[in-house]
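Okay, here's what each chain looks like letter by letter:
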Amino acid sequence: SRSCCSLPSLLNMECKRIVVGVAEDPHRCMLNHPVLPQSAYDEGQSMSLEGWQHHLGFWAFKNQMPGTIRIAVGTADSPSRVMLNHPSEGQRFWNEGNTMGILGWNHAFDFWVFESPQPGTIRICVGQADPNGCHRCFINHPKFDQKTWDETEVSMTVEGWEQYLEFWAYPNKPE
């Protein structure tokens, strides 16, 4: 089976690990907290740090590959949070390399993931909420386990979130 880091023409360094941490009040998430370098996450660091609780992790491409879409990650403060591919723009805008430095967000990093299911990948759903002017996103609500996300049509339109994005990525570093 094809995987992001085992294609004959690729080296392991062409993938990166994305880890998701969650926090409450308000419910929100953070990806790859900037207090640590990417290499720490690639080596197994969880997102249980700086007040975040580790939620999930996956592996993504550093560069565009066939069948992938680009995810741009933006951060904002008060409270700390992230937004993936701001829904004010379409996927083509993000695939063209535009940054998440829009509408009050600061571009943090980007990655490439599959736009449809591939052998060995997991489904990642992203929902948004904007109560009291605190626009934010959340990934794979813990109301459902990963198996449910992968094997059913459940949506991030749950408990106040509105789904606006989904993609597929590898749960473990391919050998």
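Look up a bit, the structure's there.
Presented here is an overview of the structure given in this document. (Residues numbered from 1 in each chain as written. Predicted model: local features only at pLDDT ≥ 70, side-chain atom pairs only at ≥ 80, totals over all residues. Heavy atoms only, no water.)

**Comments concerning the overall build of the chain**
Put simply, the test is: Put simply, DSSP marks the helices as runs of H or I at least four residues long and the strands as runs of E at least two long, and each gets a number from the N terminus on. With C-alpha atoms as the basis for the radius of gyration, the globule rule is written as 2.2 Å multiplied by the number of residues raised to the power 0.38. The buried label goes to any residue with under 20% of its type's maximum accessible area, the exposed label to any with over 50%, and the partly exposed label to all in between, with areas taken from a 1.4 Å probe on protein chains only. Two residues form a contact once any of their heavy atoms are found within 4.5 Å. Working definition of accessibility: Shrake-Rupley area with a 1.4 Å probe, residue cover restricted to the visible protein chains. Charge convention: Lys and Arg are scored as positive, Asp and Glu as negative, and His as well as the terminal groups of each chain are ignored. The atom standing in for a charge is NZ when the residue is Lys, CZ when it is Arg, CG when it is Asp and CD when it is Glu.
What the chain contains, in helices and strands, is 3 helices and 9 strands. Order of helices (α) and strands (β) in the chain, N terminus to C terminus: β-β-α-β-β-β-α-β-β-β-α-β. Relative to its length of 175 residues, the chain is compact, with a C-alpha radius of gyration of 15 Å against a globular reference of 16 Å. Along the first, second and third principal axes, the C-alpha atoms of the chain reach 50 × 35 × 30 Å. Split into buried and exposed, the 175 residues of the chain put 49% on the buried side. Partitioning the intrachain contacts of the chain with sequence separation of at least 6 by distance along the chain shows that 68% fall at a separation of at least 24. Taken as a whole, the chain presents about 8,400 Å² of accessible surface, with 46% of it coming from carbon and sulfur. In the chain, 13 side chains carry a positive charge and 20 a negative one; their mean positions are 2 Å apart.

**Some remarks on the environment of G120**
Relative to the helices and strands, G120 is located in the loop between β6 (106–114) and β7 (122–129). Once residues lying within four places of it in the same chain are set aside, the contact partners of G120 are Y170 and P171.

**A look at the pattern of salt bridges**
For clarity, the cut-off: Salt bridge, as used here, is a side-chain nitrogen of Lys or Arg placed within 4 Å of a carboxyl oxygen of Asp or Glu.
Under the defined criterion, the tally for this structure stands at 4 salt bridges. We note a salt bridge from R123 to E166, for which the minimum N-O separation is 2.9 Å. Here R123, found in strand β7, pairs with E166, found in strand β9 (residues 162–169); they are 43 residues apart in sequence, far enough to count as distant. R123 gets classed as buried once you look at its relative accessible area, which sits at 6%. Residues K143 and E159 are paired through a salt bridge, measuring 3.9 Å at the closest nitrogen-oxygen approach. With K143 in the loop between β8 (136–139) and α3 (146–151) and E159 in the loop between α3 and β9, this pair connects stretches of sequence that are 16 residues apart. Judged by its relative accessible area of 49%, K143 is partly exposed.

**A few points about the side chain of Q128**
So the rule is basically this: In protein, a polar contact requires one atom able to donate a hydrogen and another able to accept it; more generally it is a pair of N or O atoms within 3.5 Å, and residues adjacent in sequence count only if both atoms are side-chain atoms.
In this structure, Q128 sits in strand β7. Given a relative accessible area of 15%, Q128 falls into the buried group. Within the local environment of Q128, its side chain forms a polar contact with the side chain of H135, the two groups lying 2.7 Å apart. Beyond its immediate chain neighbours, meaning those up to four positions away, Q128 contacts P87, H135, R136, C137, G160, W161, E162 and Y164.

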